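Close look at the chain arrangement
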Amino acid sequence: RALGYTYDTMPIVGIELDRSGSMAGVTPDPMTTGAPPVTKWVAATQGVSSFLQDCEVARDSGVAYVTAGVRTFRSLRGNVFESVFASAPYGLVKPGTPISRAGFEAQVSLLGPGGGTPLADTLADGAGELAEPPAPRVAGERRYLSLLTDGVLTSGSPLASIPDGSLAGTVVFAMGFGTELDVDYPTLAQLTAKGDSAGFDQVFHGEHAGTIDKFYTNAVARAIGFTPIIDPVLEL
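The shown structure was predicted, so the numbers you read here are calculated from the model rather than taken from an experiment. (Residues numbered from 1 in each chain as written. Predicted model: local features only at pLDDT ≥ 70, side-chain atom pairs only at ≥ 80, totals over all residues. Heavy atoms only, no water.)

Another aspect to go through is the pairing of strand 1 (residues 12–18). Among the seven residues in strand 1, seven count as buried, and that is most of the element. Bridge count between strand 1 and strand 7 (residues 143–149): five bridges; the pairing is parallel. Bridged to Val 13 within strand 7 is Tyr 144. (Buried < 20%, exposed > 50% of the residue type's maximum accessible area, 1.4 Å probe, protein only. Helix = DSSP H or I, 4+ residues; strand = E, 2+ residues; numbered from the N terminus. Pairing = 2+ DSSP bridges.)

Once that is clear, we can look at the side chain of Asp 18. Looking at the secondary structure, you find Asp 18 in strand 1. Among the polar contacts listed, one links the side chain of Asp 18 to the side chain of Thr 149, at a separation of 2.6 Å. If sequence neighbours within four positions are ignored, Asp 18 has contacts with Met 23, Trp 41, Phe 73, Thr 117, Leu 148, Thr 149 and Asp 150. (Polar contact = N/O pair within 3.5 Å; in protein donor to acceptor, adjacent residues only side chain to side chain. Contact = heavy atoms within 4.5 Å.)

Turning our eyes to something else, we now look at the pattern of salt bridges. Counted according to the given criterion, the structure contains ten salt bridges. Measuring nitrogen to oxygen at the nearest pair gives 2.9 Å for the salt bridge that ties Arg 19 to Glu 82. Highlighted residues: Arg 19 in the loop between strand 1 and strand 2 (26–27) and Glu 82 in strand 5 (residues 79–83), separated in sequence by 63 residues. Relative accessible area serves as the criterion here: at 35%, Glu 82 is assigned to the partly exposed category. Across the salt bridge formed by Arg 71 and Asp 125, the nearest N and O atoms sit 2.8 Å from each other. Of the two residues, Arg 71 sits in strand 4 (residues 67–75) while Asp 125 sits in helix 3 (residues 119–131), which places them 54 residues apart along the sequence. Each of the two residues, Arg 71 as well as Asp 125, counts as buried. (Salt bridge = Lys/Arg side-chain N within 4 Å of Asp/Glu carboxyl O.)

As a further point, take the packing of helix 1 (residues 40–61) against helix 2 (residues 101–108). Running from amino to carboxyl end, helix 1 crosses helix 2 at an angle of 160°, the nearest separation of the two axes being 8 Å. Classified by the interaxial angle, the pair formed by helix 1 and helix 2 is roughly antiparallel. Viewed along their axes, helix 1 and helix 2 form a crossing whose handedness is right-handed. Two secondary-structure elements touch here, helix 1 through Trp 41, Thr 45, Val 48, Ser 49, Leu 52, Gln 53 and Glu 56 and helix 2 through Arg 101, Ala 102, Phe 104, Glu 105 and Val 108. A breakdown of the residues in the contact of helix 1 with helix 2 according to their chemical character gives six nonpolar, three polar and three charged. (Axes fitted to C-alpha atoms, helices over the stretch in contact; angles between N-to-C directions. Parallel < 35°, antiparallel > 145°, perpendicular 65-115°, else oblique. Left-handed = near helix turned anticlockwise from the far one by under 90°. Nonpolar A, V, L, I, M, F, W, Y, C, P; charged D, E, K, R; others polar.)

As for its position among the elements, Glu 129 is in helix 3. Glu 129 sits 40 residues away from Pro 89 along the chain, and the two C-alpha atoms are 8.1 Å apart. Discounting residues that sit within four places of it in the chain, Glu 129 has contacts with Arg 71 and Tyr 90.

Counting buried positions along strand 4 gives nine out of nine residues, so the element sits mostly inside the fold. Judged from the seven bridges that link them, strand 1 and strand 4 form a sheet pairing that is parallel. Pairing of Ile 15 across the sheet is with Val 70, part of strand 4. In this sheet, strand 5 lies alongside strand 4 in antiparallel orientation, the contact comprising five bridges. For Ser 75, the partnering residue across the bridge sits in strand 5 and is Asn 79. The hairpin formed by strand 4 and strand 5 contains three residues between the paired strands.

Among the residues of helix 4 (residues 185–192), those classed as buried are Tyr 185, Thr 187, Leu 188, Leu 191 and Thr 192. Down the axis of helix 4, the buried set is contained in an arc of 155°. They therefore lie on one face. Turning to helix 4, the residues buried within the fold contact helix 3, strand 7, strand 8 (167–176), strand 9 (195–196) and strand 10 (203–205). (Arc of directions from axis to C-beta.)

Now the structure itself:
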């Protein structure tokens, strides 16, 4: 970076995790086929945990070094944005450190959902606190921001307050948790339109294991310069 360049295999990825009251609603378990429904909050935290495990494996194999940060969002008397990692808001995902799957699971287990859902303000928070600060940008670099939510905006600024394409250099992904009837997919699509186009689907839903795997395969693998060759949605 000091010389003005970086690699696709050194991505910066920010994650905004919906902690609003609607995430207490149930959804089919996206991690275990045939299991009883779990809350959207539990499903979303399981998804982030899986992502961090993938980052650890990629680092240990020497194929990618992911700098990631995770923040929760909700509104109480005002907007509340909080980092999940205890030691720092972001860092290189590495086993045995606070910026790891184990570090995330230890901290997020202390949290629960409640309050409103300020999606537009969350997007601005993620861009300002997770996508930009880790390192100065270099020419042509793309960064990545993922929102895990049910996509129902209930508080804060309207989405129109952020112009489409204004988050230049950042690709926004959105995953909705819940059934197709209670996730606001048009709003999720509006969120992704605020950043760059990735050239493939940027809106996903977390209704079952196949789709959550597909989110991480498509969004994360392509972000670090790999192209998936097998569709992980396998059904009997």
